[in-house]
Amino acid sequence: MASYESFARVYDIFMSDTPYDDWCSYLHSLLSADGIADGLVLDLGCGTGAVTERLADLGYDMIGVDNSIDMLEIARGKQAESGSDILYLLQDMREFELYGTVRAVVSVCDSLNYITEEEDLLQVFQLVNNYLDPGGLFLFDLNTVYKYETVLADHIFAENREEGSFIWENWYDLETRINEYDLTLYISDRDGKYERYEETHYQKAYRTEVVMELLEKAGLKLEAVYDAFTQNEPGPMSERVCFVAREVEKNFTAQEPVTDLQMK
């Protein structure tokens, strides 16, 4: 899994067009329709806290988990400005540990595509199941096979901003369904000079039937799959899909929480 390092510094800049408000309104509508209008909610793969902060503003007691200390430091900076009472934990989502159960778990912006092995994705689902209240909801999105094969494919993307620039070189392997993208970043320092950084990220395309099978194995019931972020069925050219799953049985026991990873 990639752990954003240099890119964390400019992540929010290059993601400024992401409709986070709309995404959070969508999540809130699904949660509220299920009677979850408050209480503990976990944001898995929370990054810089863009979604975490917004859900906290909507009245949820938020926990954010991410394995990038650089992203969490930015999230903590936002928290200092907003005064929100979010608990941030520096943990790998394949091994995350909480102090108790939560009413819901959310994971957006293709965070789970960074899990590149099916057995690891199953482990994540099992942990989610373990930490959900009985009947709790799990809402997450994934980039689709179509997006990797057609939209990203073996293409090059670039963007230039005043604060920095990036070149994204993408490769997608049809056989392994692994997507690799190499980022070359030029980030402005305090003196106005640009420094070059390089990062490589890997994601995996999962077919819906595979996700369904893994959810079932983990004791979670798939209730809906939507074309993100709507309540419409996905189409052949859907680039991102949202899954709604529910805890129905406990079949996995996690270890005791590790407190030295807490960031609060």
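All values derive from a computational prediction rather than experimental measurement. (Residues numbered from 1 in each chain as written. Predicted model: local features only at pLDDT ≥ 70, side-chain atom pairs only at ≥ 80, totals over all residues. Heavy atoms only, no water.)

Caption draft 1: Structural context of the overall build of the chain. Scanning the chain for helices and strands turns up seven helices and twelve strands. A buried classification covers 52% of the 264 residues belonging to the chain. Within the chain, contacts between residues at least 6 apart in sequence are counted, and of these 66% link residues at least 24 apart. About 12400 Å² of surface is accessible on the chain, with carbon and sulfur atoms providing 45% of the total. (Helix = DSSP H or I, 4+ residues; strand = E, 2+ residues; numbered from the N terminus. Buried < 20%, exposed > 50% of the residue type's maximum accessible area, 1.4 Å probe, protein only. Contact = heavy atoms within 4.5 Å. Areas by Shrake-Rupley, 256 points an atom, 1.4 Å probe, with all protein chains shown as cover.)

Caption draft 2: Representation of unusual backbone geometry within the structure. Phe-229 follows Ala-228 through a cis peptide bond whose omega is -20°. For Phe-229, the position within the fold is in the loop between strand 10 (220-227) and strand 11 (240-247). In this structure, Cys-109 takes a positive phi of about 60° despite not being glycine. Structurally, Cys-109 can be placed in the loop between strand 4 (102-107) and helix 5 (118-131). On the basis of relative accessibility, which here comes to 15%, the residue Cys-109 falls in the buried class. Of note in the backbone geometry, Ala-153 takes a positive phi value of approximately 45° without being a glycine. Its location among the elements puts Ala-153 in the loop between helix 6 (145-152) and strand 6 (156-160). Look at Ala-153 and you get buried, because its relative accessible area is 12%.

Caption draft 3: The pairing of strand 4, seen in detail. Burial analysis of strand 4 places five of its six residues in the buried class, the great majority of the element. Where strand 1 (residues 39-44) lies against strand 4, three bridges are found, and the strand directions are parallel. Looking at strand 4, one finds that Asp-43 is bridged to Val-106. As paired strands, strand 4 and strand 5 (residues 132-143) are joined by five bridges and run parallel to one another. (Pairing = 2+ DSSP bridges.)

Caption draft 4: Representation of the side chain of Lys-147 in the model. Among the secondary structure elements, Lys-147 is positioned in helix 6. Among buried charged residues, Lys-147 stands out as having no salt bridge; its nearest opposite-charge side chain is Glu-239, 4.7 Å away. Look past the residues within four positions of Lys-147 in its chain and what remains in contact with it is Leu-152, Ala-153, Glu-239 and Arg-240. (Lys, Arg positive; Asp, Glu negative; His and termini not counted. Salt bridge = Lys/Arg side-chain N within 4 Å of Asp/Glu carboxyl O.)

Caption draft 5: Highlighting the nonpolar core. Core analysis: the largest hydrophobic core is formed by 35 residues, its most contacted members being Leu-42, Leu-44, Phe-96, Leu-112, Phe-125, Phe-138 and Phe-140. Among the elements that take part in this core, helix 5 stands out by supplying seven residues, more than any other. With residues near it in sequence (within four places) discarded, Phe-96 still touches Leu-42, Leu-44, Val-65, Gln-91, Val-124, Leu-127, Val-128 and Tyr-131. Listed in part, the 31 residues of the second largest apolar core include Tyr-20, Leu-27, Leu-55 and Phe-229. (Core = buried A, V, L, I, M, F, W, Y, C linked by side-chain atoms within 4.5 Å.)

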